[in-house]
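Coordinates in review
The lines below spell out each chain.
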Amino acid sequence: MKSDIMADQVLQYLSRSESQVVRKRKTVVIEQSLAEIVSRKGTITAADVVTEAADESHPLHEFFEWDDSEAARKFRLTQAVAMIIGTKYVCSLVERRGKGKTQKAIAGASSSVQVRRWLPAFSEAGFRERSDVLADEEARKSLVERKLSVLRGWCRSVTDIDELKAIREGLEAMLT
């Protein structure tokens, strides 16, 4: 293996701070690039980002898939996931009419709600039937924790919206 060091050169090891090499994390690069677009245009759209990132010298260029066949395959996978999570069950509240008797749906639009039919399997790749996930103790526990995490995230995301303060505070009290 050939060395790139010439006879009159000495290899020196420096820490990152000593070398003053600044490595920008992906999120910082993205945030700075998006802020720059907004400062120029006043708003931002996905189309703006893709158009600007198409330039190979743009900081966001490396974060996109530019091979059209691979991008198309990934987009089809995204569409398939959207189909999976877009498939719903309608849950209706029912009234029990005594032991062994038939159940009757409670009337009224507020008595039914749509829920996802398939949920992430958690212990394996893919999605499973909702009733299977809810019946599996480990999968159910993972689902509950994920939903609680979503609620916590929602609370953080509305910290500065006074109209939602009472709801946020009530949720936060319940989540602690």
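Below is a short write-up of the structure. (Residues numbered from 1 in each chain as written. Predicted model: local features only at pLDDT ≥ 70, side-chain atom pairs only at ≥ 80, totals over all residues. Heavy atoms only, no water.)

Looking only at helices and strands, the protein chain has seven helices and six strands in total. N-terminal to C-terminal, the α/β element order of the protein chain is α-α-α-α-β-β-β-β-β-β-α-α-α. Here the protein chain holds 176 residues, and 15% of them are scored as buried. Considering only contacts in the protein chain between residues 6 or more positions apart, those separated by 24 or more positions represent 28%. Summed over all atoms, the accessible surface of the protein chain reaches about 14400 Å², with 55% contributed by carbon and sulfur. (Helix = DSSP H or I, 4+ residues; strand = E, 2+ residues; numbered from the N terminus. Buried < 20%, exposed > 50% of the residue type's maximum accessible area, 1.4 Å probe, protein only. Contact = heavy atoms within 4.5 Å. Areas by Shrake-Rupley, 256 points an atom, 1.4 Å probe, with all protein chains shown as cover.)

This paragraph deals with the nonpolar core. For soluble globular proteins, nonpolar side chains are generally found buried alongside one another. With five residues, the main nonpolar core is built from Val-29, Ile-37, Val-49, Ala-53 and Leu-60. Broken down by secondary-structure element, the contributors of at least two residues to this core are helix H2 (26-41) and helix H3 (46-53). (Core = buried A, V, L, I, M, F, W, Y, C linked by side-chain atoms within 4.5 Å.)

With 16 residues, H2 ought to run about 22 Å at 1.5 Å a step, and its terminal C-alpha atoms sit 23 Å apart, in line with that. Listed as buried for H2 are Val-29, Ser-33 and Ile-37. An end-on view of H2 places all buried positions within 65 degrees of arc, on one side of the element. Every exposed residue of H2 that faces more than 90 degrees away from the buried side is listed here: Glu-31 and Ser-39. The inward-facing, buried residues of H2 abut H3. Remark: Gly-42 follows H2 within two positions and exhibits a positive phi of approximately 90 degrees. (Expected span 1.5 Å × (residues − 1). Arc of directions from axis to C-beta.)

With that settled, the discussion passes to the pattern of salt bridges. On inspection of all chains with the given rule, the structure shows ten salt bridges. Between Arg-152 and Glu-145 there is a salt bridge, with the nearest N and O atoms lying 3.2 Å from each other. By relative accessible area, Arg-152 is classed as partly exposed at 30%. Between Lys-165 and Glu-169 there is a salt bridge, and its shortest N-O distance comes to 3.9 Å. Here Glu-169 and Lys-165 lie together in helix H7 (residues 165-175), a separation of four residues that amounts to about one turn. Classification of Glu-169 by relative accessible area gives partly exposed; the value is 40%. A cluster of three or more residues bridged by salt bridges with shared partners is formed by Glu-36, Arg-40 and Glu-52. (Salt bridge = Lys/Arg side-chain N within 4 Å of Asp/Glu carboxyl O.)

Now for a nonpolar patch on the surface. A surface patch of nonpolar side chains, amounting to about 230 Å² of accessible area, comprises Val-50, Phe-64 and Trp-66. Counting through the fold element by element, Val-50 comes out in helix H3. According to the relative accessible area criterion, Val-50 is partly exposed, its value standing at 37%. (Patch = residues over 30% accessible without salt bridge, like charges linked within 9 Å, V, L, I, M, F, W, Y side chains within 5 Å.)

So, about the packing of aromatic side chains. Scanning the entire structure with this criterion turns up one aromatic pair. Between Phe-64 and Trp-66 the ring centres are 5.5 Å apart and the planes differ by 45 degrees, which places this aromatic pair in the tilted class. With relative accessibility at 33%, the residue Trp-66 sits in the partly exposed group. (Phe/Tyr/Trp six-rings, centres within 6.5 Å; stacked < 30°, edge-to-face > 60°.)

This brings us to the environment of Gly-126. Along the chain, the position of Gly-126 falls in the loop between strand S5 (118-120) and strand S6 (127-129). Spatially, the C-alpha atom of Gly-126 lies 9.9 Å from that of Ile-84, the residues being 42 residues apart in sequence. Apart from the residues lying within four places of it in its own chain, the contact partners of Gly-126 are Leu-119, Pro-120 and Ala-121.

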